[in-house]
Amino acid sequence: MQRTITYPVTFEGVGLHSGEPANLTIHPAPAGTGIVFRRVDITDCENEIPALWDLVEQSPLCTRLVNADSVSISTVEHVMAALVGCGVHNAVVDVDGPEVPILDGSAAPFVRGILANGLRQLADPVRALRVLRPVEVRRGSAWARLTPNDTLRIEFDIDFEDAAIGVQSKILNMSNGSFVRELSNSRTFCRKADVDHMRANGLALGGTLENAVVVDGEKVLSPGGLRHADEAVRHKMLDALGDLGLAGLPILGHYHGFRAGHALTNTLLRALFADKSAFEVVECDAETAARLPGAGVHWGEIPQVA
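The model shown is predicted, which means the values in this text are computed figures rather than measured ones.

Asker: Give me the packing of helix H5 (residues 231-244) against helix H6 (residues 262-274): which residues, what numbers.
Answerer: At a minimum axis distance of 10 Å, the contact between H5 and H6 shows a crossing angle of 35°. In terms of crossing hand, the pair formed by H5 and H6 is right-handed. Together, Asp239, Asp243 and Leu244 of H5 and His262, Thr265 and Leu269 of H6 make up the contact between the two elements.

Asker: An account of the sheet that holds strand S2 (residues 9-14) is needed here, citing residue identities and associated values.
Answerer: Ordered by their spatial adjacency, five strands build an open sheet running S2-S3-S9-S4-S5, and the pairing between neighbours is mixed. Of all the strands in the sheet, just S2 and strand S5 (48-50) have a single pairing partner and so form its edges. On average, each strand axis in the sheet is inclined to that of its neighbour by 20°, with strand direction left out of account. Against the sheet, helix H1 (residues 77-85) makes contact with strand S3 (21-27), strand S4 (35-39) and strand S9 (91-95), and its axis sits at roughly 145° relative to S4, the strand it touches most. Sitting on the sheet, helix H2 (residues 108-117) is in contact with S2 and S3, with an inclination near 165° to S2.

Asker: Summarise the environment of isoleucine 158; cite the residues concerned and give the values.
Answerer: With respect to the element layout, isoleucine 158 can be found in strand S14 (residues 152-159). C-alpha separation for the pair isoleucine 158 and alanine 260, spaced 102 residues apart in sequence, amounts to 8.0 Å. Among all residues touching isoleucine 158, those that are not within four sequence positions of it are Ile165, Gly166, Val167, Gln168, Ala232, Val233 and Lys236.

Asker: Outline the sheet that holds strand S6 (residues 56-57), listing residues and values.
Answerer: Sheets are built from strands paired through backbone hydrogen bonds, the pairs being either parallel or antiparallel. As summarised here, the arrangement of the three strands in space is S6-S7-S8, forming an open sheet in which the pairing is antiparallel. The open sheet is flanked by S6 and strand S8 (72-74), the only strands paired with a single partner. With two bridges connecting them, S6 and strand S7 (residues 64-66) associate as antiparallel partners. By the bridge assignment for S7, valine 56 is matched with leucine 65.

Asker: Run through the side chain of asparagine 47, naming residues and quoting values.
Answerer: Here asparagine 47 shows up in the loop between S4 and S5. Beyond its immediate chain neighbours, meaning those up to four positions away, asparagine 47 contacts Phe37, Arg38, Arg39, Val40, Ile42, Asn67 and Val71.

Asker: Lay out the packing of aromatic side chains in plain terms, naming residues and giving numbers.
Answerer: In total, this model carries six aromatic pairs according to the counting rule given. Ring plane angle 15° and centroid distance 5.8 Å describe the contact between tryptophan 143 and phenylalanine 258, whose orientation is recorded as stacked. Residue tryptophan 143 is located in strand S13 (residues 142-147), and its partner phenylalanine 258 is located in strand S19 (residues 251-258); the two are separated by 115 residues in the primary sequence. Take tryptophan 143: its relative accessible area is 12%, and that puts it in the buried class. On the accessibility criterion, phenylalanine 258 (25% relative accessible area) is partly exposed. Pairing phenylalanine 273 with phenylalanine 279 gives two aromatic rings, centres 5.3 Å apart and planes at 65°, and the pair type is edge-to-face. Its relative accessible area of 13% is what places phenylalanine 279 among the buried residues.

Reading guide: rules and limits
- Within any chain, residue numbers begin from 1 and follow the written order of that chain's sequence.
- This being a predicted model, a pLDDT of at least 70 is required before a residue's local features are given, and a value of 80 or more before pairs of side-chain atoms are given or counted; all residues contribute to the totals for chains, interfaces and linings.
- As a convention, hydrogens and water are excluded, and side-chain values are obtained from all of the structure's heavy atoms.
- Axis lines are fitted through C-alpha atoms, for helices just across the contact stretch, and the angle between N-to-C directions can take any value from 0 to 180 degrees.
- Strands are runs of DSSP state E lasting at least two residues, helices are runs of H or I lasting at least four, and both sets are numbered from the N terminus onward.
- Take the far helix as the reference: if the near one is turned anticlockwise from it by less than a right angle, the crossing is left-handed, and if turned clockwise, right-handed.
- What makes two residues a contact is simply this: any of their non-hydrogen atoms within 4.5 Å.
- In this scheme, strands are said to pair when DSSP sees at least two bridges between them.
- Classification of ring pairs uses Phe, Tyr and Trp, with its six-membered ring standing for Trp, and accepts pairs whose centres are within 6.5 Å; under 30 degrees between planes counts as stacked, over 60 as edge-to-face, and the remaining range as tilted.
- Remark: exposure states derive from per-residue accessible area (1.4 Å probe, protein chains only) relative to the maximum for the residue type, with buried under 20%, exposed over 50%, and partly exposed in between.

Here it is, written out as structure tokens:
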């Protein structure tokens, strides 16, 4: 059955790019709501923004949603990954500004808050989007692909010139609590040269060595180093899960990204929904629902390092 959180949970922090204070509260919602962001600082026009693929304004740096009244919310990918990875199908997410708080740069704080408050089962069955045939998009040397599979599997390959990251590959079945155990505490990462460039252009003003992994050649500049030797590719998988959550339904399929980012994953969803023969929407029986992200997840699966 569909699920929502039991009680509201609030997070306080700053926006990664604006550097401004940002507060976010996840509220329970009825079955069929899906995930909806609500800009509570805006009252003179429509302030709700459904978390859906066709409302994405593509950007290489984050996932930004914009409604018909041009009200936007940025950097939604980490809280979306936490909601999808914990099996939350319905929630209203209040934010008091244009950007979701970055917190520690991972999804772990959101996961802890969601699981500490618990989940509540609703009366309606879960529906899922089953991929029926391969769909692929390319941009330069990067590509992303969805192929049929009986659960959500995420595979990712990255290749960075900085030796601290280098070439990394990983594949995970997202069933049950694997997102919480394996990916949730992996932080966003960037090269020092990119940070310098972004700040010179008024971006990443809220970024610190505590909420991002910053590398410079062979060096990891963030205190404490890496949480995982392959933390970078794990974070790319975390981002992909959050971006795939904008399909509006859990996905049964194999996602494979090669040097992909937010914009390319959104382009892949657009290609999928443009081809009605490439997918079907199914009502999940107990066996299928047990293979969805977040099914059976519990507090003990949160990594201690987070």
